[in-house]
Amino acid sequence: MRTDNVEIFISFPLKTSRPGKEQPCLFIPKFSDHPELCVYTMLIEYLNRTKQFHNNSENDQRLLSLTSPYRPVSSQTVSRWIKTVLKNSGIDITRFTGHSTRHAATSTAARHGLSLDEIRSRAGWSSRSAMFAKFYNRPLDNRIAFAQAVLLN
């Protein structure tokens, strides 16, 4: 592990896996400018705090239950955790799900000028995939900005 980023190589098959295709690598850089938003720092802290529960474990999974005996959690548990964070952040969970974070991340990347090729690569889509254009690149609801522009000018 480096001191400026973490790379997590996905070894198990995913929905998008196929023979001859390289498995994805999750790259998490250190975000020194805003430590309160730094996923790298939080991940390192989590790994340090849970290190004792991973000794002699044949299971590579790092996300553990919050209560003893601290066993690896299921994807359903992770989904529930994400939903809880979304709800606690004031996000309407009847409209948005954990998977919505993928929509938000890729759309934000596009709005900030990342190329479609880079977005496809990071999201694990093929270079020919139209998934982003069809389902993910959604316009923002800008009704408030419109009303403010009209009323305040």
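In this text the structure is predicted, and so the values were computed from the model without any measurement.

J.: Account for the pattern of salt bridges, with residues named and values stated.
T.: Overall, the coordinates contain 2 salt bridges when judged by the stated rule. As a salt-bridge pair, R49 and E45 come within 2.7 Å of each other at their nearest N and O atoms. Of this pair, R49 and E45 are both found in helix α1 (residues 39-50), 4 residues apart, which corresponds to roughly one turn of the helix. Relative accessible area serves as the criterion here: at 36%, E45 is assigned to the partly exposed category. For D117, the salt bridge goes to R120, with nearest N and O atoms at 3.5 Å. Separated by 3 residues within a single helix, D117 and R120 lie in helix α4 (residues 116-123), roughly one turn from each other.

J.: Summarise α4; cite the residues concerned and give the values.
T.: Along α4, the residues that are buried comprise I119, R120 and A123. Down the axis of α4, the buried side of the element spans an arc of 100°, and every buried residue falls inside it. Away from its buried face, by an angle of more than 90 degrees, α4 presents the exposed residues D117 and R122. On the buried face of α4, the contacting elements are α3 (100-111) and α5 (131-136). Once α4 finishes, G124 follows within two positions and takes phi at roughly 85°, a positive value.

J.: Go over the side chain of S100 with me, naming the residues and quoting the values.
T.: Its location among the elements puts S100 in helix α3. Engagement of the side chain of S100 in a polar contact is seen with the backbone nitrogen of T97, the distance being 2.9 Å.

J.: Give me the packing of aromatic side chains: which residues, what numbers.
T.: Within this structure, the stated rule accounts for 1 aromatic pair. When the ring of F53 is compared with that of Y70, the centres are 4.5 Å apart and the planes differ by 40°; the resulting orientation is tilted. With F53 in the loop between α1 and α2 (75-88) and Y70 in the loop between α1 and α2, this residue pair connects regions lying 17 residues apart in the sequence. For F53, a relative accessible area of 32% corresponds to the partly exposed category. Here Y70 falls in the partly exposed class, since its relative accessible area comes to 31%.

J.: Residues and numbers for α2, please.
T.: Here α2 contains 14 residues, and its C-alpha end-to-end distance of 20 Å stays within 8% of the 20 Å for a straight helix at 1.5 Å per residue. At the exit of α2 stands G90, carrying a positive phi of roughly 85°.

J.: Go over the environment of A110, please, and point to the residues and values.
T.: Looking at the secondary structure, you find A110 in helix α3. On a C-alpha basis, the gap between A110 and F132 in space is 9.8 Å, while along the polypeptide they are 22 residues apart. Non-local contacts of A110, meaning those with residues more than four positions away in its chain, are made with I119, F132 and N137.

J.: Please provide a residue-by-residue account of unusual backbone geometry, values included.
T.: That bond from S68 to P69 is cis: its omega, 20°, falls within 30 degrees of zero. Looking at where P69 falls in the secondary structure, it is placed in the loop between α1 and α2. A positive phi is found at Y70, a non-glycine position, where the angle reads about 55°.

J.: Before we move on, could you go through a nonpolar patch on the surface and cite the residues and values that matter?
T.: A contiguous nonpolar patch, built from F146, V150, L151 and L152 and spanning about 510 Å² of accessible area, is present on the exposed surface. Looking at the secondary structure, you find L152 in helix α6 (residues 143-152).

Criteria and thresholds
- Residues numbered from 1 in each chain as written.
- Predicted model: local features only at pLDDT ≥ 70, side-chain atom pairs only at ≥ 80, totals over all residues.
- Heavy atoms only, no water.
- Salt bridge = Lys/Arg side-chain N within 4 Å of Asp/Glu carboxyl O.
- Helix = DSSP H or I, 4+ residues; strand = E, 2+ residues; numbered from the N terminus.
- Buried < 20%, exposed > 50% of the residue type's maximum accessible area, 1.4 Å probe, protein only.
- Arc of directions from axis to C-beta.
- Contact = heavy atoms within 4.5 Å.
- Polar contact = N/O pair within 3.5 Å; in protein donor to acceptor, adjacent residues only side chain to side chain.
- Phe/Tyr/Trp six-rings, centres within 6.5 Å; stacked < 30°, edge-to-face > 60°.
- Expected span 1.5 Å × (residues − 1).
- Patch = residues over 30% accessible without salt bridge, like charges linked within 9 Å, V, L, I, M, F, W, Y side chains within 5 Å.
- Areas by Shrake-Rupley, 256 points an atom, 1.4 Å probe, with all protein chains shown as cover.

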